Amino acid sequence: YKDERNIRMEVGQGSYVLITGDKAYTVHVQGGETTVVDLDTLPKLGALPPGHPPKTGSKPAREPKITKTGRTETIAGIKGDVYEVVDEDGKRYEVVLSTDKRVQVLNRAMAAVGKRMAQSLGAGVAEEIDRGMKQAEKLGYGGVLRAGNEFRLQSLQEKAQPAGHYALPRGAAPMKMPAMPAMPQFDPSMMNDPAAMERFQKQMEAAQKQMEKMQQG
């Protein structure tokens, strides 16, 4: 991680997500062959069908309740404060947070990758990630060392990276992804709107036919 426009995150042996400038890529190297995919060329997740207005009047999600327990934990050699979190569904779990600048940088990198991928895939969560980052910074909680039993920092190292670390491999060009049909998103409120259900079914059939044509050639 250099800054939010220069990030490289390893996601498996020979694979990584690369953010360079305004672009985001996945890179996979195997057997001397390099495959690069421009995330902006991947199919977007569907939106509500045309003519069907988005739902309004739904209750806003409750803010999670975060309480400092007074306990501390040392994870990956870094001391952090233990907090109890009660999420919007009432589920309780512990998080260990640290104001160590290295952990905060790591968390910013992870959040930046998640936000950029959400923007590319049209997942509609980029704003939520950004809001969560800003809220955590405002409250001064710091970066995450542990979140329940699902996430735990194993180690953290700082080292200089070679030239070109945040650039695509030399000679590698992004694959040209075929245009994929946008899949409509189902909204349960359509069940009470026959016209919306009919539009949804027609769009699903059209998308299915388009995918069948692509598979055939």
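Everything numeric in this text was worked out from a predicted model, so none of it was measured. (Residues numbered from 1 in each chain as written. Predicted model: local features only at pLDDT ≥ 70, side-chain atom pairs only at ≥ 80, totals over all residues. Heavy atoms only, no water.)

A. Unusual backbone geometry, seen in detail. The residue A76 is not glycine, and still its phi comes out positive at about 55 degrees. Assignment of secondary structure puts A76 in the loop between β5 (65-75) and β6 (78-86). (Helix = DSSP H or I, 4+ residues; strand = E, 2+ residues; numbered from the N terminus.)

B. Representation of the nonpolar core. With eight residues, the main nonpolar core is built from I7, V17, I19, A24, L39, A109, A112 and V113. Broken down by secondary-structure element, the contributors of at least two residues to this core are β2 (15-20) and α1 (101-121). Looking at this core element by element, the count peaks at three residues for α1. By size, the runner-up hydrophobic cluster in this structure holds seven residues, among which are I75, I78, L145 and L153. (Core = buried A, V, L, I, M, F, W, Y, C linked by side-chain atoms within 4.5 Å. Buried < 20%, exposed > 50% of the residue type's maximum accessible area, 1.4 Å probe, protein only.)

C. Representation of the pairing of strand β8 (residues 143-147) within the structure. Bridge analysis of strand β7 (residues 92-98) against β8 gives four bridges, and the strand direction is antiparallel. For S98, the partnering residue across the bridge sits in β8 and is G143. When β8 meets strand β9 (residues 151-152), the two strands line up antiparallel, connected through two bridges. Bridge assignment links A147 to a residue of β9, and that residue is F151. In sequence, β8 turns back onto β9 through a hairpin of three residues, with G148 there showing a positive phi of about 55 degrees. (Pairing = 2+ DSSP bridges.)

D. Summary view of the sheet that holds strand β4 (residues 33-38). Overall, antiparallel pairing links the four strands, which are arranged β1-β2-β3-β4 in an open sheet. The open sheet terminates on both sides in strands that have one partner only, identified here as β1 (6-12) and β4. When the angles between neighbouring strand axes are averaged without regard to direction, this sheet yields 20 degrees. Bridge analysis of strand β3 (residues 23-30) against β4 gives six bridges, and the strand direction is antiparallel. Paired with T26 across the two strands is V37, which belongs to β4. (Axes fitted to C-alpha atoms, helices over the stretch in contact; angles between N-to-C directions.)

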